[in-house]
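Remarks on the overall topology
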Amino acid sequence: MPNLDKLKHGLIDAAESLRGALTSMSDDFYRNPETGLEEKKTSSEMQAFLEKYGFTVEAGVAGMPTAFRAGLGKGRPVIALLAEMDALPGIGHGCGHNIAGTASIGAAAALSEVLRGLDWSGTVLVLGTPAEELGKGKIEMINAGVFNTVDAAMMVHGSSRRTVVKHFLGLTRLNFTFRGRSSHASAYPEEGINALDAVIQTFNAISALRQQMRGDCKVHGIITEGGKAPNIIPELASASFYVRSKDLKELASLKERVVNCAKGAAIATGCSLDVREEGETNAPMKLNAAFADAYRGALKVLGLPEDTQAPGRNVGSSDIGNVSQAVPALHPHVPIRQGINIHTREFADATVTVDGHRALMEGVKTLGLTVLELLFNARTLDEVKKDFLTE
Ligand SMILES: [Zn+2]
Ligand SMILES: [Zn+2]
């Protein structure tokens, strides 16, 4: 069994020696952003890099051409590093997946360098997980059984802060389409059935419902079709809503109440209603205290303080939530710069600055160190697994 402390220091050195290659990879992704399921160049660049570092790569897993699996080593435990890769339409890498993805690829390469020639058992698995912004990639991979032999999975994500524990809400996407009857809005209003009224009633009913919602729940929507001209009673109108909660049971109940708002609006206006759920439900994040502590150990080795922020604040949803329900998972944040928020151009631009590069290298090291801890300290992995089963 290799000496763990020595391995950890070797990992930091290996990461540093990769700095130039990794920052230029992340910058390259920034300059050539690709949206969900279109990440062809990004995915193949990641794969080629991993192959260079001795990983066996299988491309196109789970029916998605840009998803891949790359393994180094043999047998259990299997520790997975998740490499996100998709950009946002219009604003490029405003979620910083160039940093998130490259951090996992870099940690994998550094691990390969430090483990080369040593006698060890276990597998470092890199999973290229596309289309996070579509709430899709990881869910498809779970459904295809890609996570079946994974003992623990992790990734980092860029942020304004260094947080170890990050909540995510469960999310269901609902599309409502109301159909009525068109007529001249002035000459024959009594002949019409106003589908736009049904949409507006839905919004009003949901606004009333909001007062009775639990504190962790959120509902927000837009009108996607609201008629063609003011002198035509709209025969068709539609709206999209996101419904979120931190637990799946509450999410199911809230979804039903939101659908009832639309049903009530359909009855009130005389419209027909079509309810469609878009994509699969994103599960909330199942937190794992032992896994978080293992990551804190890596921060300690690097002398980096964790930011104190209530982990339940500023929360969205991600398909990492579904991973966390399937296997022990961790999604810490690496800090780029205070005061910037994800899904903005400013955030995308920050990923290629000195601050962005520092965050990237922090992620490479923390991920690498935590994987070493899980591979070579059986007690840590046991605790992570126990935590997963008991919560
Ligand atoms: Zn995002
Ligand atoms: Zn993201």
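Let me begin by describing the structure that accompanies this report. (Residues numbered from 1 in each chain as written. Chains lettered and ligands numbered in written order. Predicted model: local features only at pLDDT ≥ 70, side-chain atom pairs only at ≥ 80, totals over all residues. Heavy atoms only, no water.)

Some details on the overall build of the chain
Inclusion rule: Secondary structure elements are taken from DSSP: a helix is a run of H or I of four residues or more, a strand is a run of E of two residues or more, and numbering for both begins at the N terminus. What the globule rule says is 2.2 Å times the number of residues to the power 0.38, and the radius of gyration is computed from C-alpha atoms. Under the scheme applied here, a residue whose accessible area is under 20% of the maximum for its type counts as buried, over 50% as exposed, and between as partly exposed, the area being computed with a 1.4 Å probe on protein chains only. Note on contacts: a residue pair is in contact if any heavy atoms of the two residues lie within 4.5 Å. Accessible surface area values rest on a Shrake-Rupley calculation with a 1.4 Å probe, where residue burial reflects the displayed protein chains alone. Charge counting follows a simple rule: Lys and Arg are positive, Asp and Glu are negative, and His as well as the terminal groups are ignored. Lysine's charge is taken at NZ, arginine's at CZ, aspartate's at CG and glutamate's at CD.
Within the chain, the secondary structure is distributed over 12 helices and 12 strands. Here the C-alpha radius of gyration of the chain, 23 Å, is about what a compact globule of 391 residues would show, namely 21 Å. The principal-axis extents of the C-alpha atoms in the chain amount to approximately 85 × 45 × 40 Å. Counting every position in the chain, which comprises 391 residues, the buried fraction comes to 54%. Considering only contacts in the chain between residues 6 or more positions apart, those separated by 24 or more positions represent 81%. When the accessible surface of the chain is split by element, carbon and sulfur atoms take 50% of a total near 16,600 Å². Distance between charge centroids for the chain: 3 Å, based on 41 positive and 45 negative side chains.

Thoughts on the coordination of the zinc ion (ligand 1)
Operational definition: The rule for donors is simple: N, O or S, within 2.8 Å of the metal, or within 3.2 Å if the metal is Na, K or Ca. Water isn't counted, so a site may look like it is missing partners.
Taken together, Cys95 (SG), Glu133 (OE) and His343 (NE2) make up the full set of protein donors to the zinc ion (ligand 1), lying 2.0 to 2.3 Å away. Here the donor residues for the zinc ion (ligand 1) map to a single chain with the spacing C-x37-E-x209-H. In this structure, the zinc ion (ligand 1) lies 3.3 Å away from the zinc ion (ligand 2), the two metals sharing Cys95 as a donor. Of this pair, Cys95 sits in the loop between strand S3 (78-84) and helix H4 (97-115) while Glu133 sits in the loop between strand S4 (122-129) and helix H5 (137-143), and the two are 38 residues apart along the sequence. For Cys95, a relative accessible area of 5% puts it in the buried group. Classification of Glu133 by relative accessible area gives partly exposed; the value is 24%.

Brief notes about the coordination of the zinc ion (ligand 2)
Protein coordination of the zinc ion (ligand 2) is provided by Cys95 (SG), His97 (NE2) and His157 (NE2), with donor distances spanning 2.1 to 2.3 Å. On the primary sequence, the residues serving as donors to the zinc ion (ligand 2) are separated as C-x1-H-x59-H. On the basis of relative accessibility, which here comes to 0%, the residue His97 falls in the buried class.

Description of the packing of helix H2 (residues 19-31) against H4
Put simply, the rule is: Every axis corresponds to a line fitted to the C-alpha atoms, with the helix fit spanning only the stretch in contact, and the corresponding angles, defined between N-to-C directions, vary from 0 to 180 degrees. These descriptions rest on fixed angle ranges, namely under 35 degrees for roughly parallel, over 145 for roughly antiparallel, 65 to 115 for roughly perpendicular, and the rest for oblique. Here a crossing is taken to be left-handed if its near helix is turned anticlockwise relative to the far helix by less than a right angle, and right-handed if that turn runs clockwise. When residues are sorted by character, Ala, Val, Leu, Ile, Met, Phe, Trp, Tyr, Cys and Pro go into the nonpolar class, Asp, Glu, Lys and Arg into the charged class, and all the rest, Gly among them, into the polar class.
At a minimum axis separation of 9 Å, H2 and H4 run at an interaxial angle of 150°. Considering the angle they form, H2 stands roughly antiparallel to H4. Here the hand of the crossing between H2 and H4 comes out right-handed. Here H2 contributes Leu22, Met25, Ser26, Phe29 and Tyr30 to the contact with H4, which in turn contributes Asn98, Ile99, Thr102, Ile105 and Gly106. Split by residue class, the contact of H2 with H4 holds six nonpolar, four polar and no charged.

Let's talk about the packing of aromatic side chains
For any pair of aromatic rings, the description rests on two quantities: the centre-to-centre distance and the angle between the ring planes. The line we're drawing: Each pair of aromatic rings taken from Phe, Tyr and Trp, with Trp reduced to its six-membered ring, is defined by centres within 6.5 Å and is described as stacked if the planes are under 30 degrees apart, edge-to-face if over 60, and tilted in the remaining cases.
Taken as a whole and judged by the stated rule, the model has four aromatic pairs. Centre to centre, the rings of Phe49 and Tyr53 are 5.1 Å apart; their planes meet at 35°, and the pair counts as tilted. The residues Phe49 and Tyr53 share a single accessibility class, namely buried. Relative to Phe241, the ring of Phe176 lies with its centre 5.8 Å away and its plane at 50°, an arrangement referred to as tilted. One end of the pair, Phe176, is in strand S7 (residues 170-179); the other, Phe241, is in strand S9 (residues 236-245), and 65 residues separate them in sequence.

Details of the sheet that holds strand S5 (residues 152-154)
For the record, the criterion: The criterion for strand pairing is that DSSP finds at least two bridges linking the strands in question.
Within the open sheet, the six strands sit side by side as S1-S2-S4-S3-S5-S11. Their pairing is mixed. Whereas interior strands pair on both sides, the edge strands pair on one side only; in this sheet they are strand S1 (56-59) and strand S11 (329-330). Here S3 pairs with S5 via three bridges, running parallel. The residue bridging Ala80 from the neighbouring strand is Ala153, located in S5.

With respect to the pairing of S7
Most of S7 sits out of view: nine of its 10 residues are buried. Summarising the sheet, S7 and S9 pair through 10 bridges and their orientation is antiparallel. Within S9, the position partnered with Leu174 by the bridge is Phe241. The pairing of S7 with strand S10 (residues 272-282) spans eight bridges and is classified as antiparallel.

Function cannot be inferred from these measures alone, as they are strictly geometric.
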